[in-house]
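Read off the chains here:
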2 protein chains.
Amino acid sequence: MDTGTSTLSDAVDLAHHVNTKSRSRHPSPLKDIVSYMGYEGMISLAGGLPHPSLFPLNKTTFECLDPSADKADGVILRLGRGSDPADLDLTQFLQYGSGAGNKGLIALCRELTTVVHTPPYNFECLLHPGNTNAWDKVVGLLCEDDDYVLVEEYTYPSAQALWIPLGIKAAPIAADGEGIQPSSLREILQNWDEKIRGARRPRTLYIVPVGSNPTGTSISFDRRKEIYSICVEYGKTILSDHWSHTHNEAVDIIIVEDDPYYFLQYPGYKQTGSKSKISTKDFLSDLSPSFLSMDTQGRVIRLESFSKTLFPGLRLGYFVANPIFTERLLRATETETQDPAGLSQAFVLSLLSSWGIDGYLLWLQHLQEQYRLRRDWLLDAFHQHFVVNHTGPEETACVSHPEMNSHIPVFSYVDPGAGMFVWAKFHFRGVKRFAEIASDGNDPDPEQSFADEMWRAMIDELVLLTPGSYYHPWQGADNKTTKARGAEAQTAHFRFSFATPTSTSTDLGS
Amino acid sequence: MDTGTSTLSDAVDLAHHVNTKSRSRHPSPLKDIVSYMGYEGMISLAGGLPHPSLFPLNKTTFECLDPSADKADGVILRLGRGSDPADLDLTQFLQYGSGAGNKGLIALCRELTTVVHTPPYNFECLLHPGNTNAWDKVVGLLCEDDDYVLVEEYTYPSAQALWIPLGIKAAPIAADGEGIQPSSLREILQNWDEKIRGARRPRTLYIVPVGSNPTGTSISFDRRKEIYSICVEYGKTILSDHWSHTHNEAVDIIIVEDDPYYFLQYPGYKQTGSKSKISTKDFLSDLSPSFLSMDTQGRVIRLESFSKTLFPGLRLGYFVANPIFTERLLRATETETQDPAGLSQAFVLSLLSSWGIDGYLLWLQHLQEQYRLRRDWLLDAFHQHFVVNHTGPEETACVSHPEMNSHIPVFSYVDPGAGMFVWAKFHFRGVKRFAEIASDGNDPDPEQSFADEMWRAMIDELVLLTPGSYYHPWQGADNKTTKARGAEAQTAHFRFSFATPTSTSTDLGS
């Protein structure tokens, strides 16, 4: 955790969100003795640390791009031991850490958070080994077994795979091209019936608010304000006297903001202006404000990751959260993972120190531009091979039907203003094979059966999409069909990723 | 997991040990599509991976010691991207991995395991991000909430801190200078009363078998054989028909072998022979055989770590286990952590490839010698400042009492034949201040109260030891006193670490 001081107001006391298991964690007694080790003249026979003179690595060099990505060896980072001339001392990254992560790196994460989000309260940062593990720790912090978690209508399957064994289920919130609908969130909370659901009302909202995986949509600023205010509103009775609450009482909502695509926000398709670099200030002001930026109370746990902005193999990111939560997350870190890997910490600290915050933001502009280009390649291909009709926020890709003198809709999508994905709803009305399956009457989910056939047929044509079924919220084994989920009849979704293909490979017709 | 083939016999089916939560894990659906990505000519719009051309790291160099530790820049490892001439292609380590870890590194771990332990069945290896996390995953695999776990009489506190929030308690096994006593293990299993304990009989044995933390002792070969056979014996009824068992039935025991100090096995104090390097074969044959080496059934889960042999900041190690367990551990890896950090994997693979297995074993000889030296420095200091009497396997450090013409015992210890620690039992009989505390009658644990005072007094003299109380097995909040634990009256333990101090700083008298 950082020890930064600030003139901001402190977070609201949200200790009632810490679950039973997390409350019962104690700091490791071994940590007590660490403070004594620093005494001048102390002969420490206490630590169980291996001796640093016996680590076989002496020096490391990283050759990196410069922030504008112009020169492949633009930045050379040198890390050495002891007397070696180096940009950064390597030894501290080879030894066991404190659990909280390197202080210099945390300070840098804190600075970056302030520059980008300016959270309006006294937050803390804590390193973690990637957002997969960060979400594991947040579930371990907030959720009881058999809880429900509020999620988007379609949501990231690995986030769910983690908690399915705990008996946790999803309470999906309806969404459209502007992200989840506040009215749907309010309805779920207002009408929650513990008897019918067999579980207390959910108090955790898990969300990928920018370039959502899989839908590619981002939550608009107005909706964010409304969602935040609903999350606060539901805690009014609690916050005045939080120790008296029971599981049956109304309780406020914690927002878990998993936001790896935050810097990959794009202008609309064909709305691209100048491709020249803009100032840091302009770059930042073009980005949609995060939930963290409006978090006056400390009820947002933001999961930051370097996987998309530097590279995934780092397994490095950080929490930004209320100190009540970071303290408990640190306890979990001590027993579950310890510090993120030292070479990853060393690389990120030395790279960001060398680039500077401004350099890093310049690099992010470059990334944004590169992924924007890839988004455009994919949508270009859609326009090249289909007749694309505008129908409200949605676009519908159609094929001409010369005999009927009309367009037959194939799939609809929303121009993804962020992230790496286009979420396409395929229309099955009038498709002969689908009608066959549906008319049989024995198939409990004809939409899914036809989607499965279609997926395999596309593979035979050497085009691989991700089936939309992977992203259905887990509402228990009995609620999996298109009908049971309340999804639109005669449709099914597929996810296109535009992160990996080149402009040539997305030329689908060739 | 590795895909190595072997002529060894397969493991016994021990699926009945997989707990309820771990059983309910499913493979990520996203993994299904990975197999299709490799099809020739496939246009993949499926993966959500960031594009490797947008990773800002191009080249890495590691300057390492040679295996004999003679030259600081003896080995230079070069990792580059694509066309760069390099020892190893860096890109694969920057991208997301499969969860199982790099195949080349797993093959190397498998080879090392075969050379060192020759497990007598068809085992698998799976990478993990350090033994802290490995133990977290094993608890998540084997233990139900409120279980008991069999542990040594004194045991590593962080291993326990992990499971205390789950309501798990320790069932301590009595130990002496040769490690845990098979008779004590048998007695606990035979006399387990579910009604009194409020929990099913334990079926997991957690053990640091070599240079135990904190006791420094290692389990002798004969005891290992007997312990392994008890663990098998208790499953006889089960193995013939394992699906019919209930929680009330007898069940066999899984041995979790957490063995970071395995290569730090020393000759007895003052029994050191030649310090010249010996052959790999002789080095290995001098090491005590592991539980894994006698595991004909696949009931040992071995936690291997590079933290003590290379450096802790790597956060990298591997499981060696029955494929039934590694498959479930891989499922947990996918949702809880993903692959260990890429730079750590890249470093270890390229270093061990460069050194070779023989080179690595030569390096381990060097380490062994260095820590043996440090053990000797500490015991030299004991002999220099106390009269050390031999009393069976124990040594007792005494001060002379000229008036009484006798020796007063201060503390007893066992020469640690391995690891980094000396476990010292301090004697309080006849100590005035202790008598004062004890005679008062109001102190529920006078031994601990005096030990606390003594610890602080030593700190005032600038000597820091680790209090033995940190290593007491957690048997619940009501069983913490010296008396309740059944520990020897008028004594308390402290742990000396000899890993960090130099020969000068351990000269305690100066």
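These numbers were taken from a predicted model, which means no experiment stands behind them.

Caption draft 1: Here's a closer look at the overall build of chain A. Helix and strand counts for chain A stand at 15 helices and 20 strands. In summary, chain A has a C-alpha radius of gyration of 25 Å against a globular reference of 24 Å for 510 residues, a match within 12%. Dimensions of chain A, computed from the C-alpha atoms along their principal axes, are close to 90 × 60 × 40 Å. Residue burial in chain A is summarised as follows: out of 510 residues, 59% are buried. Of all intrachain contacts in chain A linking residues separated by at least 6 positions in sequence, the fraction that spans at least 24 positions is 71%. Working note: accessible area of chain A is about 19600 Å², and carbon and sulfur atoms make up 51% of it.

Caption draft 2: How the structure looks around the sheet that holds strand S14 (residues 387–391) of chain B. Residues and elements named next belong to chain B. Taken in spatial order, the six strands line up as S14-S15-S16-S17-S20-S19 in an open sheet, and their pairing is antiparallel. Edge positions in the sheet fall to S14 and strand S19 (466–467), since each of these pairs with one other strand and no more. Across two bridges, the pairing between strand S16 (residues 406–414) and strand S17 (residues 421–427) is antiparallel. Across the sheet, the residue bridging to Ser 412 is Lys 425, located in S17. Along the sheet, helix H13 (residues 342–385) contacts S14, S16, S17 and strand S20 (491–497); its crossing angle with S16, the most-contacted strand, is approximately 170°. Here helix H15 (residues 446–460) sits on the sheet in contact with S17, S19 and S20, set at roughly 35° to S20.

Caption draft 3: View of unusual backbone geometry. Residue and element names in this part refer to chain A. The linkage connecting Asn 213 with the following residue, Pro 214, adopts the cis geometry, with an omega of 20°. Here Pro 214 lies in the loop between strand S10 (204–207) and helix H9 (221–233). The phi torsion at Arg 315 lies on the positive side, around 45°, for a residue other than glycine. Inspection of the secondary structure puts Arg 315 in the loop between strand S12 (300–305) and strand S13 (317–321).

Caption draft 4: Spotlight on H9 of chain A. For H9 of chain A, built from 13 residues, the straight-helix expectation of 18 Å at 1.5 Å per residue is met to within 8% by its first-to-last C-alpha distance of 18 Å. Listed in full, the buried residues belonging to H9 of chain A are Arg 223, Arg 224, Ile 227, Tyr 228, Ile 230, Cys 231 and Val 232 of chain A.

Caption draft 5: Up close: the interface of chain B and chain A. Contacts between the two partners involve 102 residues from chain B, matched on the other side by 102 residues from chain A. A buried area of about 8800 Å², summed over both sides, lies between chain B and chain A, and 63% of it is on carbon and sulfur atoms. Run the count over chain B and chain A and you get four salt bridges. The shortest N-O distance in the salt bridge between Lys 59 of chain A and Glu 63 of chain B comes to 3.9 Å.

Caption draft 6: Region of interest: the packing of aromatic side chains. Residues and elements named next belong to chain A. Using the criterion set out here, one finds 54 aromatic pairs over all chains in the structure. For the ring pair Phe 411 and Tyr 413, a centre distance of 6.0 Å and an interplane angle of 40° mean the geometry is tilted. An identical accessibility class is assigned to Phe 411 and Tyr 413; each is buried. Aromatic side chains Phe 426 and Phe 494 sit 5.3 Å apart centroid to centroid with 85° between the ring planes, which places their arrangement in the edge-to-face category. Residue Phe 426 is located in strand S17 (residues 421–427), and its partner Phe 494 is located in strand S20 (residues 491–497); the two are separated by 68 residues in the primary sequence. Neither Phe 426 nor Phe 494 differs from the other in exposure class; each is buried. Among the aromatic side chains, those forming a connected cluster through ring pairs are Phe 382, Phe 386, Phe 411, Tyr 413, Phe 426, Phe 494 and Phe 496.

Caption draft 7: Local environment of the relation of the copies chain B and chain A. Between chain B and chain A, the superposition needs a rotation of 180° and an axial shift of 0.0 Å, giving an RMSD of 0.0 Å. With respect to symmetry, the two chain copies, as superposed, fit the operation of a two-fold axis. Nearest to the rotation axis, the C-alpha of Thr 61 of chain B is located 2.5 Å from it, this being the minimum over chain B. Comparing contact sets, 100% of the residues at the interface of chain B also lie at the interface in chain A, consistent with an isologous, same-surface contact.

Caption draft 8: The arrangement of the pairing of strand S6 (residues 148–152) of chain B in detail. Residues and elements named next belong to chain B. The buried count for S6 comes to five of five residues, which makes it a mostly enclosed element. The pairing of S6 with strand S7 (residues 169–173) spans five bridges and is parallel. Looking across to S7, one finds that Tyr 148 is bridged to Lys 169.

Caption draft 9: Seen up close, the side chain of Lys 308 of chain A. Turning to its location among the elements, Lys 308 of chain A is positioned in the loop between S12 and S13. At 7.6 Å, Asp 258 of chain A is the nearest oppositely charged side chain to Lys 308 of chain A, a buried residue that forms no salt bridge. Among the polar contacts listed, one links the side chain of Lys 308 of chain A to the side chain of Tyr 96 of chain B, at a separation of 2.6 Å. Residue contacts for Lys 308 of chain A: discarding those within four places in its chain leaves Pro 260, Tyr 261, Leu 367 and Met 420 of chain A together with Gly 48, Pro 50 and Tyr 96 of chain B.

Caption draft 10: Representation of the nonpolar core within the structure. Core analysis: the biggest nonpolar cluster contains 300 residues, and Trp 135 and Phe 347 of chain A together with Trp 135 and Phe 347 of chain B have the highest contact counts within it. With residues near it in sequence (within four places) discarded, Phe 347 of chain B still touches Leu 57 and Leu 343 of chain A together with Phe 62, Cys 64, Leu 77, Phe 311 and Leu 314 of chain B.

Caption draft 11: Inspection of the packing of helix H14 (residues 432–440) of chain A against helix H15 (residues 446–460) of chain A at higher detail. All names here are of chain A. For the pair H14 and H15, interaxial distance at closest approach is 9 Å and the crossing angle is 140°. Relative to H15, H14 is oriented oblique. Of the two possible hands of crossing, H14 and H15 adopt the one that is right-handed. Listed contacts from H15 to Arg 433, Phe 434, Ile 437 and Ala 438 of H14 are Pro 446, Glu 447, Ser 449, Phe 450 and Glu 453. Split by residue class, the contact of H14 with H15 holds five nonpolar, one polar and three charged.

Caption draft 12: Fine view of the sheet that holds strand S4 (residues 88–89) of chain A. Pairing in this open sheet of six strands is mixed, and the strands run S4(A)-S3(A)-S2(A)-S2(B)-S3(B)-S4(B) from one edge to the other. Here the strands that pair on one side only, and so sit at the sheet edges, are S4 of chain A together with strand S4 (88–89) of chain B. Bridging between strand S3 (residues 75–80) of chain B and S4 of chain B involves two bridges; their strand directions are parallel. For Gly 80 of chain B, the partnering residue across the bridge sits in S4 of chain B and is Asp 89 of chain B. Along the sheet, helix H13 (residues 342–385) of chain A contacts strand S2 (57–64), strand S3 (75–80) and S4 of chain A together with strand S2 (57–64) of chain B; its crossing angle with S3 of chain A, the most-contacted strand, is approximately 130°. On top of the sheet, H13 of chain B reaches S2 of chain A together with S2, S3 and S4 of chain B; it is set at about 130° to S3 of chain B, its chief contact.

Caption draft 13: Looking closely at the environment of Ser 285 of chain B. All names here are of chain B. In this structure, Ser 285 sits in helix H11 (residues 280–285). When the C-alpha atoms of Ser 285 and Val 116 are compared, they prove to be 9.1 Å apart, with 169 residues separating the residues in sequence. Of the polar contacts made by the side chain of Ser 285, one reaches the backbone oxygen of Asp 282; its length is 3.2 Å.

Caption draft 14: A look at the confidence of the model for chain A. Residue and element names in this part refer to chain A. Considering every residue of chain A, the mean pLDDT works out to 91; 93% of them sit at 70 or more. Low pLDDT, under 50, characterises residues 238–248; the predicted model gives this stretch 23 contacts beyond four residues in sequence or across chains. In this model residues 506–510 is a low-confidence stretch, pLDDT under 50, and it forms nine contacts with partners more than four residues away in sequence or in other chains. In the predicted complex, the global pTM is 0.94; the interface-specific ipTM is 0.94.

Caption draft 15: Highlighting the environment of Leu 79 of chain B. Residue and element names in this part refer to chain B. Looking at where Leu 79 falls in the secondary structure, it is placed in strand S3. A relative accessible area of 0% places Leu 79 in the buried class. Each C-alpha atom of the pair Leu 79 and Phe 311 lies 20 Å from the other, and the pair is 232 residues apart in sequence. Apart from the residues within four sequence positions on either side, Leu 79 is in contact with Asn 58, Lys 59, Thr 60, Phe 62, Ala 86, Leu 88, Leu 90, Ala 346 and Ser 350.

The rules behind each value
- Residues numbered from 1 in each chain as written.
- Chains lettered and ligands numbered in written order.
- Predicted model: local features only at pLDDT ≥ 70, side-chain atom pairs only at ≥ 80, totals over all residues.
- Heavy atoms only, no water.
- Helix = DSSP H or I, 4+ residues; strand = E, 2+ residues; numbered from the N terminus.
- Rg over C-alpha atoms; globule rule 2.2 N^0.38 Å.
- Buried < 20%, exposed > 50% of the residue type's maximum accessible area, 1.4 Å probe, protein only.
- Contact = heavy atoms within 4.5 Å.
- Areas by Shrake-Rupley, 256 points an atom, 1.4 Å probe, with all protein chains shown as cover.
- Pairing = 2+ DSSP bridges.
- Axes fitted to C-alpha atoms, helices over the stretch in contact; angles between N-to-C directions.
- Expected span 1.5 Å × (residues − 1).
- Buried area = accessible area lost by both parts, 1.4 Å probe.
- Salt bridge = Lys/Arg side-chain N within 4 Å of Asp/Glu carboxyl O.
- Phe/Tyr/Trp six-rings, centres within 6.5 Å; stacked < 30°, edge-to-face > 60°.
- Least-squares fit on C-alpha atoms with pLDDT ≥ 70 in both.
- Lys, Arg positive; Asp, Glu negative; His and termini not counted.
- Polar contact = N/O pair within 3.5 Å; in protein donor to acceptor, adjacent residues only side chain to side chain.
- Core = buried A, V, L, I, M, F, W, Y, C linked by side-chain atoms within 4.5 Å.
- Parallel < 35°, antiparallel > 145°, perpendicular 65-115°, else oblique.
- Left-handed = near helix turned anticlockwise from the far one by under 90°.
- Nonpolar A, V, L, I, M, F, W, Y, C, P; charged D, E, K, R; others polar.
- pLDDT = per-residue confidence, 0-100.

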